[in-house]
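For reference, the chains in residue letters:
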Amino acid sequence: MIKSMTGFGRAVVEEEQYSITTEIRSVNHRFCEIQVRLPRQLSIIEDKIKRCVNEYINRGKADVWISIDGEKGIERKLKIDWALLDQYVAAQEELRERYEVDEHIRYQQLLTLPDIVNIQEKEQVTDHFAKQVLLSVERAADQLCQMREEEGKNLERDLKQRLENVETTLIEIEKFAPEVQKIYRERLYKRIKDLTDQHLETDETRILTEVALFADKSNIDEEIIRLKSHVHQFKDILKETGAVGRKLDFLVQEMNRESNTIGSKANDYSISKNVVQLKSEIEKIKEQVQNIE
């Protein structure tokens, strides 16, 4: 089963003191690229988060957003700068002695002095908290994967239909191919007669040689056989599991090359018209393949 590289997943894990929300959005990309945006205290487990997402996707660009509601993971501590406070008290005592002031400073006032009291936040990630974060990531990634699989089914249906169109068009091209030599021979006879005004005898051997040379240059049997083979391989790859997007991308390039060669060789209006249809279908297949993991 093929998968699309486009999808979205969201999951929420709730505890008594906090809730963790993870959202993952993926789009097309040549390789597997995962970017994580998360609270600062979770940076210590960022690599684990990336590895977790990477277990669900093999190709595509995935953006991961993690947010936390609540106070979990932050420890606050009150810190007093005792050395600075000692200097404040010493200065107060010196003022009292120098100016004979009887008023004593109260401890409540000491705590309001500049730079005496600081509240420090210590970020910590417990094992349980880290597991809950990874659980939310797993659930969001699983939802993302399900959406990519569902979109992959739609892509597969569309691709199979377009492959059928390619095969139908090739049948039409094969039908007109034998007529090309016949038409060329008739045109060649007519041109010679027009040029000689029907006064000179026609060199049958020379005409047959020219027709043979033309037939060799305009023969598209090999291209048709290869193109049919590519279509067959394409269908087989669609049945595979895992990331097959690069295989299909290479194959559709080969299909496009063969169709271009058929178009350049076949000197016939009916074939050229079908080649236009053929190339149109292959181009649409190419566009869809860009979405496959």
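Above this text you will find the structure in question.
Per-chain numbering applies: the sequence of each chain, read as written, is numbered from 1 onward. Note on the predicted model: pLDDT of at least 70 is required for a residue's local features to be given, and 80 or more for side-chain atom pairs to be given and counted; whole-chain, interface and lining totals, by contrast, use all residues. Each side-chain value is derived from all of the structure's non-hydrogen atoms; neither hydrogens nor water enter the calculation.

A closer look at the pattern of salt bridges
To keep things clear, this is the line we draw: Salt bridge criterion: a side-chain nitrogen from Lys or Arg within 4 Å of a carboxyl oxygen from Asp or Glu. In this text, helices come from DSSP runs of H or I with a minimum length of four residues, and strands from runs of E with a minimum of two, each type numbered from the N-terminal end.
Under the definition given, this model contains 19 salt bridges. For Lys160, the salt bridge goes to Glu156, with nearest N and O atoms at 3.2 Å. Pair noted here: Lys160 and Glu156 are both in helix 4 (residues 127-196), with a separation of 4 residues, about one helical turn. Residues Glu167 and Lys235 are paired through a salt bridge, measuring 3.1 Å at the closest nitrogen-oxygen approach.

Focus on helix 1 (residues 46-54)
Inclusion rule: Summary of the burial criterion: residues with accessible area below 20% of their type's maximum are buried, those above 50% are exposed, and those between are partly exposed, where the area comes from a 1.4 Å probe applied to protein chains only. Arc definition: directions from the helix axis to the C-beta atoms.
Along helix 1, the residues that are buried comprise Ile49, Cys52 and Val53. Taken around the axis of helix 1, the buried residues stretch over an arc of 95 degrees, which confines them to a single face. Opposite its buried face, helix 1 presents the exposed residues Asp47 and Arg51, each directed more than 90 degrees away.

Some details on the sheet that holds strand 2 (residues 18-27)
Using the following cut-off: Whether two strands pair depends on DSSP finding at least two bridges between them. Axis lines are fitted through C-alpha atoms, for helices just across the contact stretch, and the angle between N-to-C directions can take any value from 0 to 180 degrees.
Across the sheet, which stays open at both edges, the 4 strands sit in the order 1-2-4-3 with mixed pairing between neighbours. Edge strands, defined here as strands with exactly one partner in the open sheet, are strand 1 (7-14) and strand 3 (32-37). Looking at each pair of strands side by side, their axes are set apart by 15 degrees on average, direction ignored. Both strand 3 and strand 4 (residues 60-70) contribute to a ladder of 6 bridges, which runs parallel. For Ile34, the partnering residue across the bridge sits in strand 4 and is Ala62.

Overview of the packing of helix 6 (residues 221-238) against helix 7 (residues 245-265)
Defined as follows: Oblique is the label for any angle not covered by the other classes, which are roughly parallel (under 35 degrees), roughly antiparallel (over 145) and roughly perpendicular (65 to 115). The handedness criterion is simple: a crossing whose near helix is rotated anticlockwise from the far helix by less than a right angle is left-handed, and one whose near helix is rotated clockwise is right-handed. Any two residues having at least one pair of non-hydrogen atoms within 4.5 Å are treated as being in contact.
The geometry of helix 6 relative to helix 7 is characterised by a closest axis approach of 9 Å and an angle of 160 degrees between their N-to-C directions. It follows that helix 6 is roughly antiparallel to helix 7 by the angle criterion. Crossing angle aside, the handedness with which helix 6 passes helix 7 is left-handed. Residues Glu223, Ile224, Arg226, Leu227, His230, Val231, Gln233, Phe234, Ile237 and Leu238 of helix 6 lie in contact with helix 7, whose contacting residues are Lys247, Leu248, Leu251, Glu254, Met255, Glu258, Thr261, Ile262 and Lys265.

A few points about the pairing of strand 4
Direction of pairing for strand 2 relative to strand 4: antiparallel, over a ladder of 10 bridges. By the bridge assignment for strand 4, Ser19 is matched with Asp69.

Describing the pairing of strand 1
Burial along strand 1 is one-sided: the residues Gly7, Gly9, Ala11 and Val13 are buried and none of Phe8, Arg10, Val12 and Glu14 is. Note: strand 1 against strand 2, 8 bridges, orientation antiparallel. Counted as the bridge partner of Gly7 is Ser26 from strand 2.

Topic: the environment of Glu172
Mapped onto the fold, Glu172 is located in helix 4. Separated by 103 residues in the primary sequence, Glu172 and Val275 place their C-alpha atoms 9.8 Å from one another.

Overview of the side chain of Asp63
Keep this limit in mind: Counted as a polar contact is a pair of N or O atoms within 3.5 Å, where, for protein atoms, one must be capable of donating a hydrogen and the other of accepting one, and residues adjacent in sequence contribute only when both atoms are in side chains.
The residue Asp63 is located in strand 4 in this model. Here the side chain of Asp63 touches Arg37 through a polar contact of 3.3 Å, side chain to side chain. At 3.2 Å, the side chain of Asp63 forms a polar contact with the side chain of Lys61. For Asp63, the residues in contact, after removing those within four places along its chain, are Glu23, Ile24, Arg25, Gln35 and Arg37.

Observations concerning the nonpolar core
Here is the rule we go by: Side-chain atoms within 4.5 Å are what join buried Ala, Val, Leu, Ile, Met, Phe, Trp, Tyr and Cys residues into a set we call a nonpolar core.
If you look at the biggest cluster of nonpolar residues, it comprises 29 residues, and the most contacted ones within it are Ile173, Phe234, Leu248, Met255, Ile262, Ile271 and Ile285. Mapped onto this core, the elements with two or more residues apiece are helix 4, helix 6, helix 7 and helix 8 (269-289). Ranked by residues supplied to this core, first place goes to helix 4 with 7 residues. For Leu248, the contacting residues outside a window of four places in its chain are Phe234, Ile237, Leu238, Val289 and Ile292. Among the nonpolar cores identified, the runner-up in size contains 24 residues, and Ile24, Ile34, Val64 and Leu134 belong to it.

Details of the packing of aromatic side chains
For clarity, the cut-off: The rule is short: rings of Phe, Tyr and Trp, with Trp giving its six-membered ring, pair when the centres are within 6.5 Å, and they are stacked under 30 degrees, edge-to-face over 60, tilted in between.
In total, this model carries 1 aromatic pair according to the counting rule given. With 5.1 Å between their ring centres and 85 degrees between their planes, Tyr18 and Phe129 make a pair best called edge-to-face. With Tyr18 in strand 2 and Phe129 in helix 4, this pair connects stretches of sequence that are 111 residues apart. This pair shows no difference in class: Tyr18 is buried, exactly as Phe129 is.

Overview of the environment of Gln161
Within the fold, Gln161 resides in helix 4. Sequence separation between Gln161 and Ile285 is 124 residues; the distance between their C-alpha atoms is 9.9 Å.

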